[in-house]
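Notes for the structure review
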Amino acid sequence: MKLLQSVVVKQVLTEKSKEGLQEKYHTNILQLQKECDQLRFEMKKLEKNKKLYQPNLSKQFEKEIQNRLEKIKLIEFQLEQLHILPLESELKEKEVQALVEVQIGDRWSKLTGEKTIVIKDDFIVEIR
């Protein structure tokens, strides 16, 4: 029988991966800022067109802008933390699903323990 099991993928922080993460964070911030600007533009456009304008629509725009500003703050915090972290630290990158073969006589505690894949500069260096 086969079961699905969650496997944690961790990335070892190197100079190369640190630069990649910084670039990714900066790109995300720029994208979110563009989205905020676009939402503000659309909101002003609707305000000028009195026929389509509704007060609750303005609140929805503001809510969407605030959501993006919160995401920007979170990413900026992650950037700060990235600067503090020493090289060779392990960062949780994501979780993936793996198929695990289960047979009669297998140790359940071994099968259900947390599995981890460690990646360094895009190469798998360890499977725990």
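Residues numbered from 1 in each chain as written. Predicted model: local features only at pLDDT ≥ 70, side-chain atom pairs only at ≥ 80, totals over all residues. Heavy atoms only, no water.

**Observations regarding the overall build of the chain**
- When helices and strands are counted, the chain shows three helices and four strands.
- Listing each helix as α and each strand as β along the chain from the N terminus yields β-α-α-β-α-β-β.
- Rg of the C-alpha trace for the chain: 22 Å, well past the compact-globule value of 14 Å for 128 residues, more than 25% over.
- In terms of its C-alpha atoms, the chain occupies a principal-axis envelope of roughly 70 × 40 × 20 Å.
- A total of 128 residues make up the chain; the buried ones form 26% of that total.
- By sequence separation, contacts in the chain at least 24 residues apart represent 79% of the contacts at least 6 residues apart. (Helix = DSSP H or I, 4+ residues; strand = E, 2+ residues; numbered from the N terminus. Rg over C-alpha atoms; globule rule 2.2 N^0.38 Å. Buried < 20%, exposed > 50% of the residue type's maximum accessible area, 1.4 Å probe, protein only. Contact = heavy atoms within 4.5 Å.)

**Some details on helix H2 (residues 55–84)**
- Between the first and last C-alpha of H2 there are 44 Å, a value that for 30 residues agrees with the 44 Å anticipated at 1.5 Å per step.
- Residues of H2 that are buried: Ser-58, Phe-61, Ile-65, Arg-68, Ile-72, Ile-75, Leu-79 and Leu-82.
- Buried residues along H2 sit against helix H1 (15–48) and strand S2 (90–101). (Expected span 1.5 Å × (residues − 1).)

**Points about the environment of Gln-81**
- In this fold, Gln-81 is placed in helix H2.
- Along the primary structure Gln-81 and Gly-113 are separated by 32 residues, whereas in three dimensions their C-alpha atoms are 29 Å apart.

**Some thoughts on the nonpolar core**
- Membership of the largest hydrophobic core is limited to nine residues, which are Leu-13, Leu-21, Tyr-25, Ile-29, Leu-32, Ile-72, Ile-75, Leu-79 and Leu-82.
- For this core, the secondary structure elements donating two or more residues are H1 and H2.
- With near-sequence residues (within four places) excluded, Leu-21 lies in contact with Gln-11, Leu-13, Leu-82 and Leu-91.
- Core analysis: the second largest hydrophobic core is formed by five residues, Cys-36, Leu-39, Met-43 and Phe-61 among them. (Core = buried A, V, L, I, M, F, W, Y, C linked by side-chain atoms within 4.5 Å.)

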